Amino acid sequence: MFQPYGIATQPITLDFLRGFCFFQSSEGMSEPALNLEQDIELLRRIGDGDRSAFDSFYDQYSGLLFSIAVKILNDAKEAEDVLQEVFMQIWNKADAYDPLLGKPASWAVTLTRNKAIDRIRASNRRSRLLEQATVEANVATDPSPSANEKLHGRENAQMIRSVVAALPLDQRRAIEMAFFSGLTQDEIAKNLQEPLGTIKARIRRGMLKLREKLEGCI
Amino acid sequence: MIDERMEEQASLYVLGVLTPEETREFEAALSRDFELQHLVEKLRVSRDALAGALPQATPPPALKEKIRAQISAQEKIVPLLTNANEHGTGWSIWLSWSLAACLAIICGISLSQQRNLRQKIGEQAKQIVDLNVLADSLRSETQDLQHAVATLQETNRLANLRIAMLGSLLTDSPKAVAVSLWDENQQRGVFVVQNLKPLPADKDYQLWVIDPKYPTPVSAGVFQVDAQGNVRLQFKADKLIESANKFAVTLEPKGGLLTPTLKNLVLMGG
């Protein structure tokens, strides 16, 4: 269902990816740790069975991926299991990764999200999902350090958080529920007590706004 | 130009909430539209930024070691070949492939030999079974033949027996009777007497075999009867008998005579 890679027919170049704020460093800001070329090289070496490259990739992204898994599962032990599955898949499938189809970080994020959602669906915890979904969206309102700090530096991470926090609450709630809850579109609409069309429109507007603000923020 | 609906679908796609059918349709459109691909990649980066804005959760340090241990246990297969291509020396690759080829050939030969041996064993086992059946058949035939031989021998033995009934020649013992069975091959016989008058101690009955070969009867011994006049005895002739035509019993002095007179005939028959 969720396979963002393997569909593009046009090449996606590094210059194209550098068009996003994540891959630019600006004067006066912390140097982001994220480096697309380094990540692609790491994946290539992992594909060759290089364990030191695997260690580097793990050190770089385990915090972000673990945070996503904990957010979805609300269970640190299960999140550990998911993280283990994700990194084993990265170890085993890295040689099949094609850099023209997207950046490694997005690949890992998608793997983690899908595995966590699969796990929560397999354990038949739909009622728990619905219950969790009613909780106030809190991605941008928690003052504790975010996973973005390690990837983009503290200042950039704070900017990203401020952009997210600036989204209208109804749009942010719909987006977070879609990505973190594992609920279907209909379930999200029912949970938020809004027509499905309204929910889709909110998600569209929120995502486009995020894209617009983040594109120029870093 | 991407319309609002496609922007909506792109947003839902990167968040993973399209239905499977919607996903297929969207990916079909995505594969044809570079501008849409561009949008999807931007939305994906936005999504990652949103996820990265989560409060930092740190996995326990032991988890990394656990994953490393699992990798060690798994002994990744694919990288071995890749490493060999990029970092290994040529001879080591060829050596590995040569060893694998040799092993495959040896396995093939072994399998072939094993198959042949199994075939031979099967054939020999079948032969053993056939031989056992044949042996049983021969054993049965042998028994039948032995039985037939015994029957023939018995028939032959009976054929060689000379059976003679002797009647009484005495007026005072008219019921006296005797039967003589003579086996020419074994030159011996059985003589059974009934109702013959018992004799005083100084007298004996003497049995004679009459063979045309000899001018006079041949003595076959003397005997007494019990109080009821009965006796059963085995006898042999003093000479080789070729044809026992008749048998006779005479009353003689104790011990009998060497040369018969046949004056006191008691029983006679043939």
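Residues numbered from 1 in each chain as written. Chains lettered and ligands numbered in written order. Predicted model: local features only at pLDDT ≥ 70, side-chain atom pairs only at ≥ 80, totals over all residues.

Any chance you could explain the confidence of the model for chain B here in plain terms?
When pLDDT is low, close inspection of the predicted coordinates is not appropriate. Residues and elements named next belong to chain B. Mean pLDDT for chain B: 85, with 93% of residues reaching 70 or above. Mean pLDDT values over the elements of chain B span from 47, in helix 5 (residues 78-86), up to 94, in strand 5 (residues 218-223). Of the regions scoring below 50 in pLDDT, residues 79-87 engages in 10 contacts with residues more than four places distant in sequence or in other chains. Scoring the predicted complex yields pTM 0.54 and, for the interface, ipTM 0.79. (pLDDT = per-residue confidence, 0-100. Helix = DSSP H or I, 4+ residues; strand = E, 2+ residues; numbered from the N terminus. Contact = placed C-beta atoms within 7 Å.)

Hey, could you run me through the nonpolar core in this one?
Side chains of a nonpolar character, in soluble globular proteins, are inclined to be buried together. Counting residues in each nonpolar core, the largest one holds 71 residues, and the members touching the most others are L65, I68, A69 and A178 of chain A. With 12 residues, the single largest contributor to this core is helix 3 (residues 51-73) of chain A. When neighbours within four sequence positions are excluded, A69 of chain A is seen to be in contact with A79, V82, L83, T112 and A116 of chain A. Core analysis: the second largest hydrophobic core is formed by 22 residues, Y205, V209, I210 and L267 of chain B among them. (Core = buried A, V, L, I, M, F, W, Y, C linked by C-beta atoms within 7 Å. Buried ≥ 20, exposed ≤ 12 C-beta atoms within 10 Å, placed from the backbone.)

What is the right way to read the sheet that holds strand 7 (residues 246-253) of chain B from this model?
The strands making up a sheet associate through hydrogen bonds between their backbones, and the pairing can be parallel or antiparallel. Residues and elements named next belong to chain B. With respect to topology, 8 strands assemble into an open sheet ordered 5-4-7-8-1-2-3-6, the strand pairing being antiparallel. Sheet topology places strand 5 and strand 6 (231-235) at the edges, where each strand pairs with a single neighbour. Pairwise comparison of adjacent strand axes, ignoring direction, gives a mean angle of 20° for this sheet. (Pairing = 2+ DSSP bridges. Axes fitted to C-alpha atoms, helices over the stretch in contact; angles between N-to-C directions.)

Sorry if this is basic, but what is going on with the interface of chain A and chain B here?
Many analyses report the size of an interface as the accessible area lost when the parts associate. Each side of the interface is counted separately: chain A has 62 residues, and chain B has 47 residues. The set of elements that each furnish at least two residues to the side of chain A that touches chain B consists of helix 3, helix 4 (76-93), helix 5 (104-122), helix 7 (148-152), helix 8 (154-165), helix 9 (169-180) and helix 11 (196-217) of chain A.

Explain the packing of helix 4 of chain A against helix 5 of chain A here, please?
The geometry of a pair of packed helices is captured by two quantities: the angle between their axes and the separation between those axes. Residue and element names in this part refer to chain A. The contact between helix 4 and helix 5 brings their axes to 9 Å, and the two run at 135°. Judged by the inter-axis angle, helix 4 sits oblique to helix 5. Crossing of helix 4 over helix 5 shows right-handed handedness. Facing E78, V82, E85, V86, Q89 and I90 of helix 4, the residues of helix 5 in contact are A108, L111, T112, K115, A116 and R119. Here the contact of helix 4 with helix 5 is built from residues that sort into 6 nonpolar, 2 polar and 4 charged. (Parallel < 35°, antiparallel > 145°, perpendicular 65-115°, else oblique. Left-handed = near helix turned anticlockwise from the far one by under 90°. Nonpolar A, V, L, I, M, F, W, Y, C, P; charged D, E, K, R; others polar.)

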